[in-house]
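These are the residues of each chain, in order.
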Amino acid sequence: MFDIDHLAPESGRFPKRLFLMLFLPVALLIVGGGWYVGRERVEEEMALTNSNEIGSVVMAVRRLDDELHVPLAQFRTLMNEDALKRGAANLAGADLRGVENLFANLIAYNDFYDKVRLLDESGQERVRVNNVAGRPVVLSPGQLQARTDSYYFKESQALKPGEVYISPMDLNVEYGRVEKPYRPMLRLVARIPGDDGLARSVLVLNIAAQGLLDAFTNSLVEARDHAMLLDSRGYWLKSPDSDGEWGFMLGRGDDTLAKRNPEAWQAVSAMPAGQVELADGLWTCSTVYPLKVAESRAATNIPTWLVVAHLSGEQLTLM
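Residues numbered from 1 in each chain as written. Predicted model: local features only at pLDDT ≥ 70, side-chain atom pairs only at ≥ 80, totals over all residues. Heavy atoms only, no water.

Q: For this particular structure, what's the right way to read helix H3 (residues 82-89)?
A: One full turn of an α-helix is made of 3.6 residues, so residues set three or four places apart face in the same direction. Of all the positions in H3, only Ala83, Leu84, Gly87 and Ala88 are classed as buried. Taken end-on, H3 shows its buried residues confined to a sector of 135°, consistent with a single buried face. Those residues of H3 that are buried lie in contact with helix H2 (69-79), helix H4 (96-108), strand E1 (113-119), strand E8 (184-193) and strand E9 (199-208). (Buried < 20%, exposed > 50% of the residue type's maximum accessible area, 1.4 Å probe, protein only. Helix = DSSP H or I, 4+ residues; strand = E, 2+ residues; numbered from the N terminus. Arc of directions from axis to C-beta. Contact = heavy atoms within 4.5 Å.)

Printed below as a string of structure tokens:
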């Protein structure tokens, strides 16, 4: 039997060399094992973080899809209403009262619509019904405005029968100025043919988008402090930093993610959906196609949005 006692000097002190020979491998094994376990734990935490970020973005996209499912179907039904077609054929006649009633009923049963209008071929509003505190209000002839210079009226001139133009999301403008408090809008536009088959009128339905943006924020849960909604140009429609929102409407034409962070914008705008880790943190994104339809001919110029979540390097370190 090996006896360690004979290796000890007469002084009773344990030899340092022998101590190192016996215990250093054990210490190294403990340290190495701890490092390995720690590394595994970090990798597991990062995988969980990555998965949670993807889940938050996907949930936000689905919520936006759900919120936008109904408006296009209702708009297409509205386009085919007989009262609307009669009014479009005779904008100066008594049939406009039927159009007013049609619009009023639409708003009475759908409080997410802000207003619905019928424009003549010059862009002048001929019928307009507003949503005022959940009740439809028909505007008098003296309150109607010319929309000739509006981008959505100009876009309507290129529409074919049955096509729907879906506008970008922006802020409501009244009498040439951005309305305050800000009211985000999304518009559906179509040309309405009369009995003679000529499309002399333009139908415009305004969707009040604040509820949509609130639903987007509520869906984020744990990602609420670092997720955002961007348009296809990189402008913020919704952001944890509200001061950055609506730059293109408020005189900040160069305030985009592309300008602030070119590397991040290049990464998130280059893929329909995905995740990438950059020097400044983890970026997760997915594309939203508002009011997507089964047939491409059913709508034109459909805008795209980006749901983007950004966990900074500091946040990742804390995790």
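Still more to cover.
Q: Even after reading the chapter, I still don't get the packing of H3 against H4, so can you show me in this structure?
A: Packed helix pairs are specified by the crossing angle of their axes together with the interaxial distance, meaning the distance between the axes. Remark: H3 packs on H4, axes separated minimally by 8 Å, with the N-to-C direction vectors making an angle of 140°. In terms of axis orientation, H3 runs oblique to H4. As H3 packs across H4, the resulting crossing turns out to be left-handed. Across the interface between the two elements, Ala83, Leu84 and Gly87 from H3 touch Leu96, Gly98, Val99, Leu102 and Phe103 from H4. Taken together, the residues of the contact of H3 with H4 sort by class into six nonpolar, two polar and no charged. (Axes fitted to C-alpha atoms, helices over the stretch in contact; angles between N-to-C directions. Parallel < 35°, antiparallel > 145°, perpendicular 65-115°, else oblique. Left-handed = near helix turned anticlockwise from the far one by under 90°. Nonpolar A, V, L, I, M, F, W, Y, C, P; charged D, E, K, R; others polar.)

Q: Explanation requested: the pattern of salt bridges in the structure shown.
A: Opposite charge on two side chains allows them to pair when their charged atoms are near. Counting across every chain of the model gives 15 salt bridges. For Arg128, the salt bridge identified is with Glu125, shortest N-O distance 3.2 Å. For the pair Arg128 and Glu125, one class covers both residues: buried. Here Glu174 ties to Arg147 by a salt bridge, and the two come within 3.3 Å at their closest N and O atoms. (Salt bridge = Lys/Arg side-chain N within 4 Å of Asp/Glu carboxyl O.)

Q: Can you help me understand the environment of Gly313 in this one?
A: By secondary structure assignment, the location of Gly313 is in helix H9 (residues 313-318). Spatially, the C-alpha atom of Gly313 lies 5.5 Å from that of Asp280, the residues being 33 residues apart in sequence. Beyond its immediate sequence surroundings of up to four residues, Gly313 is in contact with Asp280 and Gly281.

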